[in-house]
Amino acid sequence: MTEKIRIAVIGSGHLGRFHARLIEANTDFQLVGVVDPDRDARNALAQELHVAGFDTYQPLLDNIDAAVIATPTEYHHRIGMELLLAGKHLLVEKPLAGNVSESDALVKCAAVGDRILQVGHIERFNPAFLAVRNKIEHPKFIEACRFSGYSFRSTDIGVVLDLMIHDVDIILSMVHARPIRVEAIGACVIGPQEDIANARIVFEDGCIANLSASRVSYDVVRKMQIWCPDSFIAVDYSDTTVRVAHPSEALLRGDCDVQKLSLAEKQQAKQRFFDDWISVENITAESCNALDNELRDFAEAIKTGSSPRVPGSAGRDAVAVCEQILASLARHAWDGQSHGDVGSQSTQEPDTIPVAPFGMIAPMPHRRAG
């Protein structure tokens, strides 16, 4: 494909507006229209970008090659399936869908129709992660923290599918092994979905990942620490900085016997610890617009037939792990007793995952995962 890609943005909320503005400025695309049932929202964006606004996407099906789906998660499957069956390429904002079965259906439909299905896991395009991804080999322990204030967006899903899924996707891109055990705890603050969650994932190759996420935090935090056999890597996604630490050759060989050091040698070692024992490299990644690069990757995949950096299968796998986290979260015994209160009254897993409200344990209505 050499001509411009005719594209629509479905959803003119927070992310949809960013997508539409970047697409309008991208010479690979021709923005045909923006879609949103909210007349004021779509008209404001359509007028800003001098394109047509629609309350539904059906009138556009004969006039577009691709679409960005930036709607609430509950609509991703239905809209995505209709567009894929109509032969359109898709970039679906994360999460790909609300559960694994819907995600599987989207991935299969895209494959059968030979259409590009990309998922908007934007941290894969974060310059801090790009600066260090080739330095990560055989990670053994990963700790991720992702905290934010309450945005009043994505209220149809909980913090696991809203925020934690970013780190789940990054971890799955680094750890090439199957998750074999998941333990989690979470709580509602605003409700009814979980707003705070912590999960521990054990992988088949021995790697362990601890993830914490909150969308009711005083502070904004987006950090990850990665322990590899011969390095330690700390990534700050917010300020796009990376710190990489390597033990000295003597330390790796086991030649440094702390017990045999004299008091004077210990004092000197303390002062020169990060010179003689462990070397630290500080990296400040070059700033970039990650969302713009994500859209450029989408255009490249459509034009060349190459796989996007985050294909539908990767988005599906992230949803699958999140569904396991939600299932564990719902089973958690708050009192540590099998007969006590748990995070859910549900007997269905993982399709129905209510969680305990903050400050009390009480039965809650069933809901779909997320």
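Residues numbered from 1 in each chain as written. Predicted model: local features only at pLDDT ≥ 70, side-chain atom pairs only at ≥ 80, totals over all residues. Heavy atoms only, no water.

Novice: Quick question: what am I supposed to make of the pattern of salt bridges here?
Specialist: One pass over the structure, following the stated rule, counts 16 salt bridges. Measuring nitrogen to oxygen at the nearest pair gives 3.0 Å for the salt bridge that ties Asp65 to Arg6. Of the two residues, Asp65 is situated in the loop between strand S3 (52-54) and strand S4 (66-69) and Arg6 in strand S1 (residues 5-10); the sequence distance between them amounts to 59 residues. Overall, Arg6 belongs to the partly exposed group, its relative accessible area being 30%. Between Arg296 and Asp292 there is a salt bridge; the shortest N-O distance is 3.1 Å. Residue Arg296 and its partner Asp292 are located together in helix H10 (residues 290-304), separated by 4 residues, close to a single helical turn. Since its relative accessible area comes to 14%, Asp292 is described here as buried. A cluster of three or more residues bridged by salt bridges with shared partners is formed by Lys94, Asp162, Asp195 and Arg215. (Salt bridge = Lys/Arg side-chain N within 4 Å of Asp/Glu carboxyl O. Helix = DSSP H or I, 4+ residues; strand = E, 2+ residues; numbered from the N terminus. Buried < 20%, exposed > 50% of the residue type's maximum accessible area, 1.4 Å probe, protein only.)

Novice: Quick question: what am I supposed to make of the environment of Ala25 here?
Specialist: Tracing the sequence through the fold places Ala25 in helix H1 (residues 14-25). For Ala25, a relative accessible area of 63% gives the class exposed. Along the backbone, Ala25 and Asp292 are 267 residues apart, and their C-alpha atoms lie at a distance of 9.7 Å.

Novice: How should a nonpolar patch on the surface be read in this particular structure?
Specialist: A contiguous nonpolar surface patch, about 220 Å² in accessible area, is contributed by Val189, Ile190 and Ile196. Examined against the element boundaries, Val189 turns out to sit in the loop between strand S8 (179-187) and strand S9 (196-203). (Patch = residues over 30% accessible without salt bridge, like charges linked within 9 Å, V, L, I, M, F, W, Y side chains within 5 Å. Areas by Shrake-Rupley, 256 points an atom, 1.4 Å probe, with all protein chains shown as cover.)

Novice: In this structure, what is going on with the side chain of Lys94? I would like to understand it.
Specialist: Considering the arrangement of structural elements, one finds Lys94 in the loop between strand S5 (89-93) and helix H4 (100-112). Separated by 2.4 Å, the side chain of Lys94 and the backbone oxygen of Asp162 make a polar contact. If we skip the residues at most four places from it in the chain, Lys94 touches His76, Val119, Gly120, His121, Leu161, Asp162, Ile165 and His166. (Polar contact = N/O pair within 3.5 Å; in protein donor to acceptor, adjacent residues only side chain to side chain. Contact = heavy atoms within 4.5 Å.)

Novice: What is the right way to look at the packing of helix H6 (residues 159-174) against helix H11 (residues 312-331) in this model?
Specialist: Helix packing for two helices is described by the angle between their axes and how far apart those axes are. Put simply, H6 and H11 touch, their axes get as near as 9 Å, and they point 120 degrees apart. Our classification of the angle between H6 and H11 gives oblique. The hand of the H6/H11 crossing is right-handed. Taking contact as the criterion, the partners of Val160, Leu161, Met164, Ile165, Val168, Asp169 and Leu172 in H6 are, on H11, Ala314, Asp317, Ala318, Val319, Val321, Cys322, Ile325 and Leu326. Taken together, the residues of the contact of H6 with H11 sort by class into 13 nonpolar, no polar and 2 charged. (Axes fitted to C-alpha atoms, helices over the stretch in contact; angles between N-to-C directions. Parallel < 35°, antiparallel > 145°, perpendicular 65-115°, else oblique. Left-handed = near helix turned anticlockwise from the far one by under 90°. Nonpolar A, V, L, I, M, F, W, Y, C, P; charged D, E, K, R; others polar.)

Novice: Quick question: what am I supposed to make of H4 here?
Specialist: In an α-helix, one turn spans 3.6 residues; hence positions three or four apart end up facing the same way. The terminal C-alpha atoms of H4 lie 18 Å apart, and with 13 residues this matches the ideal 18 Å at 1.5 Å per residue to within 8%. Every buried residue of H4 is accounted for by Val100, Ser103, Leu106, Cys109 and Ala110. The inward-facing, buried residues of H4 contact helix H3 (76-85), strand S6 (117-120) and H11. In the stretch just after H4, Asp114 is the one whose phi turns positive, near 55 degrees. (Expected span 1.5 Å × (residues − 1).)

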